[in-house]
Amino acid sequence: MSGLFVIGSFTYELYAQQTGNYKSVDVESQTRGRDSDGKVVIADYKPFETRLIDNFKDYQPKDVKLGRYGGDLTRSTKATGFFYTHNDNGRWFIVDPDGYYNFHIAVNSINTGKSARNKKAFAEKFSSKENWIGKTTALLIQNGFNGSGSWSDTEAIVAANTRAKKPLVYTINLNFMGSYGDKRGGTYQVPGHKAYPKNTIFVFDPKFEAHCEDEAKKLLRYKGDPNLLGYFSDNEMPLHLQYLEGYLSMEDKKDPGYLAATKWIAEKGINKEQITDAHREEFLALAASRYFSIVRKAIKKYDPNHLYLGCRFYASEKNIARFMETAGKYLDIVSINYYGVWTPNKQQLHNWGKWTKKPFIVTEFYTKGEDSGLGNTSGAGWIVRTQADRGKAYQNFCLGLLESKNCVGWHWFKYQDNDPTLVGAEPSNVDANKGIVDNHYQVYTPLLKLMKQLNEQRYQLINYFDKVNELKK
């Protein structure tokens, strides 16, 4: 759950310029960021070129028969009873437990609202948790989603899956570093995630590995569930180029991170003034290797059946080649919270696959609508005028992801709007129109209509883009 970002300028090569068979439309959006004093800055509306399925002149929609997990019944390979990844001629897919090629489209925070009006609306509309999750699962599947993302009610979903013909594929958020930091001391809350001393994690602490071992024992309860896609080990940790200086600046000279960094530069024969970006990248890769290796070992020891989905990269780390190469050695799928772009950057998506040699899932993105009546001052998503514009932004963004042969899914953030009346809300989730339902559990129909159109065509669109790209060669 990321905070606000300064939105830079972004240009991309239009599909029309590549093939001549596409007519673009404009959707007006605001950008949000912070100035040098940390004050929120709201930019004026400006038009962004936007792609919609209906504007591809040579694309013919076609129904695709789907399996119980939302997989493509026309394409299959070996079934193992659990999800795994598979590369078919350069295009990555998830393979579902029945062996069908699968593309994972989920919604985050499938949970009941906590405010007084949320609870009142819940009682009037659903009356019970069982009724709510049953109707919510049906709503999602009817609109082309096949999974749940982070911060969802896992217990309710697991229980509902035992009764459903089409289970909702779920993911689990673990908190290895975050829970260790809470126990150790030193972490604190910032908008969207926990923060750490000197913007570094406790990966060099000798007790961290034993902590991960203890935490991973809890995964035994999920080991045999075919409906589980996999695990996130943490959320939005600081992973950046200034790690070396961060550890070296620790006030406590007995801190394991300080000791590790001091030893490292001594072995390199340099002092702090001689540190270069090459040194910074090498040390960041060292810290990353330690974190990912410890976490993967713990997860796979107690649950070798499910995928390790990473820790939801959100900042500059996803553009550092050496870091991403290191992460790719340990992750099954790379998870990225992707904000700040109207249309995914093709080179960036290509680099993620090239560097990690693994597929990726975008695990957070969203757009807020001015017509919701909410203030929309919190959060990182774009602001558009209407719910229909939210749907157009969704199609444009997801079409860019489907073009990438490295993408195997995405998670929309999130199920329900923020409620400004909720006391003590997490700072990045105060008053924003992020949901597919409002605070009274009413569906945003114009948004879902356009989501459904794209979601149901995901396999046909993959085939279409792959054929177009083949013709370009």
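Caption draft 1: Main features of the environment of Ala195. Assignment of secondary structure puts Ala195 in strand E13 (residues 193–195). Excluding anything up to four places from it in sequence, Ala195 contacts Gly186, Thr187, Tyr188 and Val190.

Caption draft 2: Local environment of unusual backbone geometry. With an omega dihedral of 15°, the bond running from Phe413 to Lys414 counts as a cis peptide bond. With respect to the helices, strands and loops of the structure, Lys414 is situated in the loop between strand E20 (407–412) and helix H13 (445–455). A positive phi angle, close to 70°, is found at Ser127, a residue other than glycine. In this fold, Ser127 is placed in the loop between helix H2 (116–125) and helix H3 (129–142). With relative accessibility at 60%, the residue Ser127 sits in the exposed group. In this structure, Asn199 takes a positive phi of about 60° despite not being glycine. When you line up the elements, Asn199 lands in the loop between E13 and helix H6 (208–216).

Caption draft 3: Representation of the confidence of the model for the protein. Of all residues in the protein, 95% attain a pLDDT of 70 or more, and the chain-wide mean is 93. Here residues 1–20 scores under 50 on pLDDT; set against residues more than four positions off or in separate chains, the count is 68 contacts.

Caption draft 4: The side chain of Glu317, seen in detail. Tracing the chain through its elements places Glu317 in the loop between strand E15 (307–308) and helix H10 (321–328). Lys318 provides the closest opposite charge to the buried, salt-bridge-free Glu317, at an N-O distance of 6.1 Å. Within the local environment of Glu317, its side chain forms a polar contact with the backbone nitrogen of Tyr314, the two atoms lying 2.9 Å apart.

Caption draft 5: Region of interest: the nonpolar core. Counting residues in hydrophobic clusters, the biggest one holds 113 residues, and the most contacted among them are Met177, Ile201, Tyr291, Phe292, Phe313, Tyr394 and Trp410. The element contributing the most residues to this core is helix H9 (residues 277–302), with 11 residues. For Met177, the residues in contact, after removing those within four places along its chain, are Tyr196, Ile201, Phe202, Val203, Phe208, Asp234, Met237 and Tyr291. Counting 12 residues, the second largest nonpolar core, distinct from the first, contains Phe83, Ile94, Leu229 and Leu309.

Caption draft 6: Inspection of the state of the cysteines at higher detail. Applying the stated rule across the entire model yields 0 disulfides. Take Cys212: it sits in no disulfide, and the sulfur closest to it among the cysteines is that of Cys311, at 12 Å. Classification of Cys212 by relative accessible area gives buried; the value is 0%. Not engaged in a disulfide, the cysteine Cys407 finds its nearest cysteine sulfur in Cys398; these two sulfurs lie 8.4 Å apart.

Cut-offs used in this document
- Residues numbered from 1 in each chain as written.
- Predicted model: local features only at pLDDT ≥ 70, side-chain atom pairs only at ≥ 80, totals over all residues.
- Heavy atoms only, no water.
- Helix = DSSP H or I, 4+ residues; strand = E, 2+ residues; numbered from the N terminus.
- Contact = heavy atoms within 4.5 Å.
- Buried < 20%, exposed > 50% of the residue type's maximum accessible area, 1.4 Å probe, protein only.
- pLDDT = per-residue confidence, 0-100.
- Lys, Arg positive; Asp, Glu negative; His and termini not counted.
- Salt bridge = Lys/Arg side-chain N within 4 Å of Asp/Glu carboxyl O.
- Polar contact = N/O pair within 3.5 Å; in protein donor to acceptor, adjacent residues only side chain to side chain.
- Core = buried A, V, L, I, M, F, W, Y, C linked by side-chain atoms within 4.5 Å.
- Disulfide = S-S within 2.5 Å.

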